[in-house]
Amino acid sequence: MTAIVALRDLRKSYGVGTPVETEVLHGIDIELAEGEFCALIGPSGSGKSTLLNLIGLLERPTSGDLAIAGSETAGLNEQALTVLRGRHIGFVFQFHHLLPAFTALENVMMPSIIEQGVATADAEAIAHDLLLRVGLKGHEHKKANQLSGGQQQRVAIARALSRSPRLILADEPTGNLDTHTADDIFALLREFNRERGSACLIVTHDPRLAARCDRRIELVDGRVAHVSSS
Amino acid sequence: MARPKLPFEFLVALRFLREGRMQTALILLGVTGGVAVIVFLSQLISQLQATIIDRVLGSQAHVVMRPLEEANQRALNDPASIAVIEPRAQRLRSIDQWEAMVKLAEAQPRVVAVSPVVSGPAFALRGRASKSVALMGVDADRYRRIVKMDGYMTRGTFHVEGTNAIIGIELAKDLGVTVGDKVFVRAAGGRDELLQITGLFDIGNKDLNRRWVFTTMKLAQSLLDLPGGVSNIDITVTDIFDAQDVSERLQAGSGLTVESWMTTNSQLLAALRNQTVSNNLIRSFVIVIVALGISSVLVVSVVQKQKEIGILRAMGASSNRIMGIFLLQGGLVGFTGALAGVGLAWGLLQFFSSVYRTGDGAPLFQPHLDTGIALSAALIALVVGVLAALIPARRAAKMDPVQAIRA
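In this text the structure is predicted, and so the values were computed from the model without any measurement. (Residues numbered from 1 in each chain as written. Chains lettered and ligands numbered in written order. Predicted model: local features only at pLDDT ≥ 70, side-chain atom pairs only at ≥ 80, totals over all residues.)

On to the overall build of chain B, then. A count of helical and extended segments in chain B gives 16 helices and 10 strands. Relative to the globule expectation of 22 Å for 407 residues, the C-alpha radius of gyration of chain B, 32 Å, shows a markedly less compact shape. On the principal axes, the C-alpha backbone points of chain B span a range of 100 × 65 × 35 Å. In chain B, once contacts between residues fewer than 6 apart in sequence are set aside, the share between residues at least 24 apart is 79%. (Helix = DSSP H or I, 4+ residues; strand = E, 2+ residues; numbered from the N terminus. Rg over C-alpha atoms; globule rule 2.2 N^0.38 Å. Contact = placed C-beta atoms within 7 Å.)

Right, dumping it as structure tokens:
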């Protein structure tokens, strides 16, 4: 199976060149296969979110290699990284981070609007279909603040899937939800993973949910402490 | 609800503006007020200037050619001796080769009309009344292109022939005459003629209404003892502010004394220029204030929207496109404010033109809006809006998406 994400000796420091330079990731070697459903676990401050941001190309590593969908990212400029991110990666954040000025439908269409420049009929059809799939039929034209927390997270998942990315990065997508809703959201991600073959890397503190993933990578103090598979 | 049709940057810029209702309304109000002040002031001042210029220049030529003044000169220029040279009394003289001078003036670019005039002092007599007047021998067709006499006629038409004369309403009142009456005119040299009044004019200047007596050139030449001659050549130019340039060229080409209205009315010109400078200063201050207003509101908007900026970046929006969103917001605010400002300025012009009136009841200024002024103000507002948005837009574009999302 080919790797959608490949990290080799990845390091990240903050305050580089200053007296307070701090390395938060100390040489991470991870590969994530196409279609894999993987949990990234570990205590707070272990570097999970930083690692997720690096893989999401939102931050640059201080050193080491990072390849997304076979493309080495080290030599890419900001523009190329943006294109790569838009083409292959979908994000689901802990606090859903919907755009409050837009409706649920528009939020789901937004990645496509960014890529195409305008909202196309195809993008609208896909967004309608995704909202139907996440159980939000009839809520398409509601603004984010008119939806419950669970509904907002469903919209966020639909948005992350709208361009059929090869990789979904979810930063504690259930961290702000009650157990029942968290289970629903997790099931939804799992369902899409199986159905569409998108690899999924989920940061979670919930051991119940982590146990239901194909693989668990545990970070402790910026290092991979333990990897286990189901 | 139909899917949005606008391009990404427009869509997001408009939604951001719509979302920040109060801020957007306030800044729009600021731009509208600023543009309205600029347009209203510009229109008002340009109209008042035009009125002043029209009133002053409506009864005079833009450029006048006259013979050189006569001067006494020493026969022997001996530097060892001292002499007191008295100024010479100026007699009424004709312009030498005036037909050639008229052709020279007509050949100049930016000259609209040229009219030779035979002008000199005389007395108008009727019964025991005797009034000092200025006899004006003109070719009516040429002269009406210098001074729009047709518009000033209160009785009769501006047409002179034979011994007909056209006089001002004040002189008519002083002499107790009207159209159809006769008046006796005697020039300084003693020549006289009985003139029939065929028209009365009111030029809006009591002194000129009391002094000017229009006759044919031939009659004036005869009365003023200038056979075949003219005392001055009056000229109108396309743009009144070209008058000085035209007069300098004519002086160089003719060797005559040539004066423009800008020389003879230098105080008025200075006042007009000062008014223009004041207007420009006010406009500049307003533009700076509007720019600061737009910029500060957008800076706040960037801070407020940093989470959204981070999300858009995470979804694949490049920093240039984020910058475009905020530049567009500045442009949209500038453009919309400009449209509203032009509308408000039009309303103010309508209102104040009905409130402020001249002594004779006419509006102090016309309520019409010059398209050029409105368009240039709108363009300035648009450009200022975009430029004012530059700093916040760059700030938004440089924002670290991770920090922005965490904010």
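Okay, the packing of helix α2 (residues 21-57) of chain B against helix α13 (residues 319-355) of chain B next. All names here are of chain B. Between α2 and α13, whose axes approach to 7 Å, the crossing angle comes to 45 degrees. The angle between the axes of α2 and α13 places the two elements in the oblique class. Viewed along their axes, α2 and α13 form a crossing whose handedness is right-handed. Within the contact between the two elements, α2 uses Ile27, Leu28, Val31, Thr32, Gly34, Val35, Ala36, Val39, Phe40 and Gln43 and α13 uses Val333, Gly334, Thr336, Gly337, Ala338, Ala340, Gly341, Val342, Leu344, Ala345, Leu348 and Leu349. Among the residues forming the contact of α2 with α13, the class breakdown is 15 nonpolar, 7 polar and no charged. (Axes fitted to C-alpha atoms, helices over the stretch in contact; angles between N-to-C directions. Parallel < 35°, antiparallel > 145°, perpendicular 65-115°, else oblique. Left-handed = near helix turned anticlockwise from the far one by under 90°. Nonpolar A, V, L, I, M, F, W, Y, C, P; charged D, E, K, R; others polar.)

What follows deals with the environment of A:Gly90. Residues and elements named next belong to chain A. In this structure, glycine 90 sits in strand β6 (residues 89-92). For glycine 90, a count of 29 C-beta atoms within 10 Å corresponds to the buried category. Each C-alpha atom of the pair glycine 90 and glycine 135 lies 20 Å from the other, and the pair is 45 residues apart in sequence. When near neighbours in sequence (up to four residues on either side) are disregarded, glycine 90 contacts Ala160, Leu161, Pro165 and Ile168. (Buried ≥ 20, exposed ≤ 12 C-beta atoms within 10 Å, placed from the backbone.)

Let's shift gears to the interface of chain B and chain A. Chain B puts 23 residues into the contact, and the matching count from chain A is 27 residues. Of all the secondary structure elements, the ones that give two or more residues to the side of chain B that touches chain A are α1 (8-19), α12 (306-314) and α16 (401-406) of chain B. The element contributing the most residues to the side of chain B that touches chain A is α1(B), with 6 residues. The residue makeup of the side of chain B that touches chain A, split by class, is 13 nonpolar, 3 polar and 7 charged.

Residues and elements named next belong to chain B. Per-residue pLDDT for chain B has a mean of 87; in total, 99% of the residues score no lower than 70. Here α16 stands out as the element of chain B with the lowest mean pLDDT, 74, in contrast to strand β8 (residues 212-216), whose mean of 96 is the highest. Scored as a complex, the prediction yields pTM 0.71 and ipTM 0.82. (pLDDT = per-residue confidence, 0-100.)

Let us now look at the nonpolar core. By size, the foremost hydrophobic cluster in this structure holds 122 residues, and its most contacted members are A:Leu40, A:Leu201 and B:Ile294. For this core, the element with the most residues is α13(B), which contributes 12 residues. Listed in part, the 60 residues of the second largest apolar core include B:Val133, B:Phe201, B:Val230 and B:Trp261. (Core = buried A, V, L, I, M, F, W, Y, C linked by C-beta atoms within 7 Å.)

Next up on the list: the domain arrangement of chain B. On domain assignment, one finds that chain B holds domain 1 (8-55 + 269-406) and domain 2 (98-238). Put simply, the middle of domain 1 of chain B and the middle of domain 2 of chain B, counted by C-alpha atoms, are 53 Å apart. (Domains from an automatic or database assignment.)

This part takes up the sheet that holds strand β9 (residues 215-220) of chain A. Residue and element names in this part refer to chain A. A sheet is described by the order of its strands in space; here 6 strands give the open sequence β6-β7-β8-β3-β9-β10, paired in mixed fashion. The open sheet has two edge strands, β6 and β10 (223-229), and neither has a second partner. Strand-to-strand twist of the sheet, defined as the mean angle between neighbouring strand axes without regard to direction, takes the value 20 degrees. Pairing geometry for strand β7 (residues 167-171) and strand β8 (residues 199-203), over 5 bridges, is parallel. Opposite isoleucine 168, over in β8, you have cysteine 200 as the bridge partner. (Pairing = 2+ DSSP bridges.)

Attention now moves to the sheet that holds strand β5 (residues 71-72) of chain A. All names here are of chain A. Here 4 strands make up an open sheet; going across it, the order is β2-β1-β4-β5 and the pairing antiparallel. Lying at the two open borders of the sheet, with one neighbouring strand each, are β2 (22-33) and β5. Bridging between strand β1 (residues 3-14) and β2 involves 9 bridges; their strand directions are antiparallel. Within β2, the residue paired with tyrosine 14 across the bridge is threonine 22.

Turning our attention to the pairing of β7(A). Residue and element names in this part refer to chain A. Taking burial as the measure, the 5 residues of β7 include 5 buried ones, the bulk of the element. By the alternation rule, side chains of β7 split into Leu167, Leu169 and Asp171 and Ile168 and Ala170, which are all buried. Here 4 bridges tie β6 to β7, and the two strands are oriented parallel to one another. Following the sheet pairing, isoleucine 89 is matched in β7 by leucine 167. Crossover connection from β7 via helix α6 (residues 179-196) to parallel β8: handedness right-handed. (Right-handed = clockwise from strand over helix to strand, strands pointing away.)

Time to look at the environment of A:Ala225. Residue and element names in this part refer to chain A. By secondary structure assignment, the location of alanine 225 is in strand β10. Looking at alanine 225, the number of C-beta atoms within 10 Å reads 14, which means it is partly exposed. Distance from alanine 225 to leucine 7, taken between C-alpha atoms, is 15 Å for residues 218 residues apart in sequence. In this structure, alanine 225 is in contact with Glu218, Leu219 and Val220, ignoring residues within four places of it in sequence.

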